[in-house]
Amino acid sequence: MAPAMDIEMPNVAENFNDHRDGLALEATSDAIDDAAMKVKNGTATQEEVDIYDQSQFDAEKDKTQFRQYEDACDRVKNFYREQHEKQTVAYNLKARNDFKTKTRAEMTIWQAMEKLNTLIDESDPDTSLSQIEHLLQAAEAIRRDGKPKWFQLTGLVHDLGKLLFFYDSRGQWDVVGDTFPVGCRFDESIIYPGTFEDNPDSKDPIYSDKHGIYSPGCGMDNIMLSWGHDEYLYHICREQSTLPDEALAMIRYHSFYPWHSAGGYRWMMNDKDEKMLAAVKAFNPYDLYSKSDEMPDPAKLKGYYMELINTYFPPREGETERVIRW
Ligand SMILES: O[C@H]1[C@H](O)[C@@H](O)[C@H](O)[C@@H](O)[C@H]1O
Ligand SMILES: [Fe+2]
Ligand SMILES: [Fe+2]
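Here the structure is a predicted model, which means the values were calculated and not measured.

Ligation of the iron ion (ligand 2) by protein atoms is provided by Asp 159 (OD), His 229 (NE2) and His 254 (NE2), these donors lying 2.0 to 2.2 Å from the ion. Mapping the donors of the iron ion (ligand 2) onto the primary sequence gives the spacing D-x69-H-x24-H. The iron ion (ligand 3) is placed at 3.7 Å from the iron ion (ligand 2), the two being bridged by Asp 159. One end of the pair, Asp 159, is in the loop between helix H6 (149-157) and helix H7 (229-240); the other, His 229, is in helix H7, with 70 residues separating them in the sequence.

A word on the nonpolar core. One recurring pattern in soluble globular proteins is that nonpolar side chains are buried together. Grouped together as the largest cluster of nonpolar side chains are 60 residues, with contacts concentrated most on Ile 109, Met 113, Leu 153, Leu 160, Leu 243, Phe 313 and Trp 326. The contact partners of Leu 153, leaving out residues within four places of it in the chain, are Leu 243, Leu 308, Ile 309, Tyr 312 and Phe 313. Counting residues in hydrophobic clusters, the runner-up holds 25 residues, among them Cys 218, Met 220, Leu 225 and Tyr 265.

With that settled, the discussion passes to the site of ligand 1. Residues in close proximity to ligand 1 total 15 residues, the closest being Asp 121, Ser 123, Lys 162, Asp 178 and Ser 255. Within the side chain of Arg 67, one N or O atom sits 3.3 Å away from an oxygen atom of ligand 1. In isolation ligand 1 offers 300 Å² of accessible surface; the protein chains occlude 98% of this area. Looking at the shell around ligand 1 residue by residue, the classes come out as four nonpolar, five polar and six charged.

Turning to its location among the elements, Thr 88 is positioned in the loop between helix H2 (74-86) and helix H3 (89-101). Residue classification places Thr 88 among the buried positions, given a relative accessible area of 10%. In this structure the C-alpha to C-alpha distance between Thr 88 and Pro 181, which are 93 residues apart in sequence, comes to 9.7 Å. Contacts of Thr 88, omitting those with residues within four sequence positions, involve Val 182, Asn 199, Pro 200 and Asp 201.

Another point: the packing of H6 against helix H11 (residues 298-312). For the pair H6 and H11, the least separation of the axes is 10 Å and the interaxial angle reads 105 degrees. In this view, H6 runs roughly perpendicular relative to H11, as classed from their interaxial angle. Contacts between H6 and H11 involve Lys 149, Trp 150, Gln 152, Leu 153 and Leu 156 from the former and Tyr 304, Tyr 305, Leu 308, Ile 309 and Tyr 312 from the latter. Looking at the contact of H6 with H11 residue by residue, the classes come out as eight nonpolar, one polar and one charged.

Bound to the iron ion (ligand 3) on the protein side are His 134 (NE2), His 158 (NE2), Asp 159 (OD) and Asp 287 (OD), at distances that span 2.1 to 2.2 Å. Considering all four donor atoms around the iron ion (ligand 3), angles at the metal cover 86 to 174 degrees and the coordination shape is irregular. Donor residues for the iron ion (ligand 3) sit on one chain with the sequence pattern H-x23-H-D-x127-D. Judged by relative accessible area, which is 0%, His 158 ranks as buried.

Residue Arg 67 is not a glycine yet carries a positive backbone phi of 50 degrees. Examined against the element boundaries, Arg 67 turns out to sit in the loop between helix H1 (46-54) and H2. For Arg 67, a relative accessible area of 19% puts it in the buried group. Non-glycine residue Tyr 265 carries a positive phi angle of around 60 degrees. Relative to the elements of secondary structure, Tyr 265 occurs in the loop between helix H9 (257-260) and helix H10 (271-289).

Conventions adopted
- Residues numbered from 1 in each chain as written.
- Chains lettered and ligands numbered in written order.
- Predicted model: local features only at pLDDT ≥ 70, side-chain atom pairs only at ≥ 80, totals over all residues.
- Heavy atoms only, no water.
- Donors = N, O, S within 2.8 Å, 3.2 Å for Na, K, Ca; no water.
- Helix = DSSP H or I, 4+ residues; strand = E, 2+ residues; numbered from the N terminus.
- Core = buried A, V, L, I, M, F, W, Y, C linked by side-chain atoms within 4.5 Å.
- Buried < 20%, exposed > 50% of the residue type's maximum accessible area, 1.4 Å probe, protein only.
- Contact = heavy atoms within 4.5 Å.
- Near = heavy atom within 4 Å.
- Polar contact = N/O pair within 3.5 Å; in protein donor to acceptor, adjacent residues only side chain to side chain.
- Areas by Shrake-Rupley, 256 points an atom, 1.4 Å probe, with all protein chains shown as cover.
- Nonpolar A, V, L, I, M, F, W, Y, C, P; charged D, E, K, R; others polar.
- Axes fitted to C-alpha atoms, helices over the stretch in contact; angles between N-to-C directions.
- Parallel < 35°, antiparallel > 145°, perpendicular 65-115°, else oblique.
- Tetrahedral: all angles 85-135°; square planar, octahedral: opposite > 155°, others 65-115°.

Following this line, the structure appears as structure tokens:
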């Protein structure tokens, strides 16, 4: 069955030339955004892709201490019970509609990071640090490993979608936590798979079918992933940054553990998704295992990261820093 709804996720990769690191930025226009605002993405160079394999993040670290959901505290378990009950197709359509029909706030990337300072993520068994610290830890780990600048910046911004919590959310359940597709059967690869019983979609004859409203090989650009910080930030970066497709995939799929780590949902992938999976897998260790690194000092690091921010979120005329429409 073909995807039943248009969720507007065109594949921009084929259409655009590589633009990064001194290569020409090709101008484009967009009916919705003003011409100066619209920027576009391309795929990473082969050389950059090769770098994925060249270093292994923190081989010394005991990785078994992370994501221990069976031993997690009630805060985490209750979070997922609520999320798994409430993430329905109907809710996801509504959330996307709300997203498209308004701008929630206007602020720069750094201001957004500072605003997240007060948010403690209830779904996370591995850190109770504020989000600005987590973002800097991830970015610093990527930088230490000599990854490309866009990769470092992706580490810095990847969780900024959690800003949603302060605007349009109904709690944390539609902002944080792992993601999974809606519109097809909830897979065993999702953590706490037994907690979907109270989700009405699990009893729906179509949505409870293995492929549901999708068809095998339809490509993940056509899949509706549970609404939250990944989907939200992905749309913002696709429109307002020059980050390459790999970075956009890292952002959109970083919480899709059932897919990138547990091996579920492979039936929906197309060729592009195979490439993107490699990027997401390269990103994941920096997100997860940097949580036990030492606490970064935002004031000391700001100068370095401001340069990266200005490269991939270029200021418009009259701005010293890009003001993002959130
Ligand atoms: O608890 C965490 C946290 O919310 C992360 O930001 C998200 O990306 C992970 O998937 C999730 O497990
Ligand atoms: Fe995240
Ligand atoms: Fe993260």
